[in-house]
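Architecture at a glance
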Amino acid sequence: MRAVLIAIYPGSFDPLTNGHLDIIERGIKIFDHLIVGVLKNPHKQPLFTPEERKEMIQETVKCFTNVEVDVFDGLLVNFAREKKCQVIIRGLRAISDYEYETQIAVINRKMAPEIETLFLPTSTEFSYLNSTIVKEIASFGGCIRGLVPPAVEKKLRDKFSKNAPWGILSE
Ligand code: ADP
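Rules of the game
Residues numbered from 1 in each chain as written. Predicted model: local features only at pLDDT ≥ 70, side-chain atom pairs only at ≥ 80, totals over all residues. Heavy atoms only, no water. Near = heavy atom within 4 Å. Polar contact = N/O pair within 3.5 Å; in protein donor to acceptor, adjacent residues only side chain to side chain. Areas by Shrake-Rupley, 256 points an atom, 1.4 Å probe, with all protein chains shown as cover. Helix = DSSP H or I, 4+ residues; strand = E, 2+ residues; numbered from the N terminus. Nonpolar A, V, L, I, M, F, W, Y, C, P; charged D, E, K, R; others polar. Phe/Tyr/Trp six-rings, centres within 6.5 Å; stacked < 30°, edge-to-face > 60°. Core = buried A, V, L, I, M, F, W, Y, C linked by side-chain atoms within 4.5 Å. Buried < 20%, exposed > 50% of the residue type's maximum accessible area, 1.4 Å probe, protein only. Contact = heavy atoms within 4.5 Å.

What follows concerns the site of the ligand. Taken together, 17 residues are adjacent to the ligand, and Y9, S12, G91, F126 and L129 come closest. Within the side chain of R90, an N or O atom sits 3.1 Å from an oxygen atom of the ligand. The contact in question runs from an oxygen atom of the ligand to an N or O atom on the backbone of G91, over 2.5 Å. In the complex, 88% of the free accessible area of the ligand, which totals 550 Å², lies under the protein chains. Among the elements of the structure, strand 1 (6-11), helix 1 (18-30), strand 4 (87-92) and helix 4 (95-111) are those that each provide at least two residues to the shell around the ligand. Residue composition of the shell around the ligand, by class: 6 nonpolar, 6 polar and 5 charged.

Moving on: the packing of aromatic side chains. Applying the stated criterion across every chain, the model contains 3 aromatic pairs. Where F72 meets F79, the ring centres are 4.8 Å apart and the plane angle is 10 degrees; that geometry is what we call stacked.

Further remarks concern the nonpolar core. One finds I24, I57, I89 and L156 to be the most contacted residues of the largest nonpolar core, which totals 31 residues. Of all the elements in the fold, those that place two or more residues in this core are strand 1, helix 1, strand 2 (33-39), helix 2 (50-61), strand 3 (67-72), strand 4, helix 5 (131-139) and helix 6 (150-161). Not counting residues up to four positions away in its chain, the partners in contact with I57 are F13, L16, V36, V38 and V69. Counting residues in hydrophobic clusters, the runner-up holds 12 residues, among them F72, L76, F79 and I115.

What follows is the structure in structure tokens.
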């Protein structure tokens with residue numbers, strides 16, 4: 001009998017987009033168990049707290065039985081070891097992602113040779129999509145439907161409708 005395969009998909013997820021969700025849905029087809037690791041990064045000023053980001057992801061993935069969402073800080077490889085993950089999943093959009101991601105993967109492998117990094121290329125419809133763009137559109141009252149899951153859309157509306165002079169975001 002083969003070992004249970006556990007993967008971690010780490011990131012800021014500030015907030016989760018449909019590009020992230022696509023990687024999660026493809027990841028769970030490959031692995032027995034997938035942990036979405038929400039990074040608590042002291043060097044970044046996120047829009048949402050780690051707990052808010054975790055809740056939005058949990059709400060979105062509650063239909064999947066083999067996905068777990070956790071907040072972590074410190075070194076990813078330490079958290080991956082603690083969670084008994086054999087694989088780190090990262091999504092790749094452009095060549096610029098590749099350069100940075102390879103560097104991190106090589107360093108992680110040096111620290112934890114037993115853990116492999118697996119890159120999943122983005123699905124073309126999400127290649128332009130990232131959390132920063134979504135926040136930018138939402139902050140100006142633009143429509144973000146189709147870019148993020150409904151739970152995230154709602155949270156972004158709540159967050160920005162308070163500042164928006166027009167009250168609510170446009171449909
Ligand atoms: P980080 O700060 O760790 O890059 P992100 O939340 O921006 O956190 O991204 C987490 C992971 O998801 C990264 O591997 C990133 O390349 C990947 N990713 C982000 N957006 C997309 C997308 N649209 N398609 C595929 N992968 C994506």
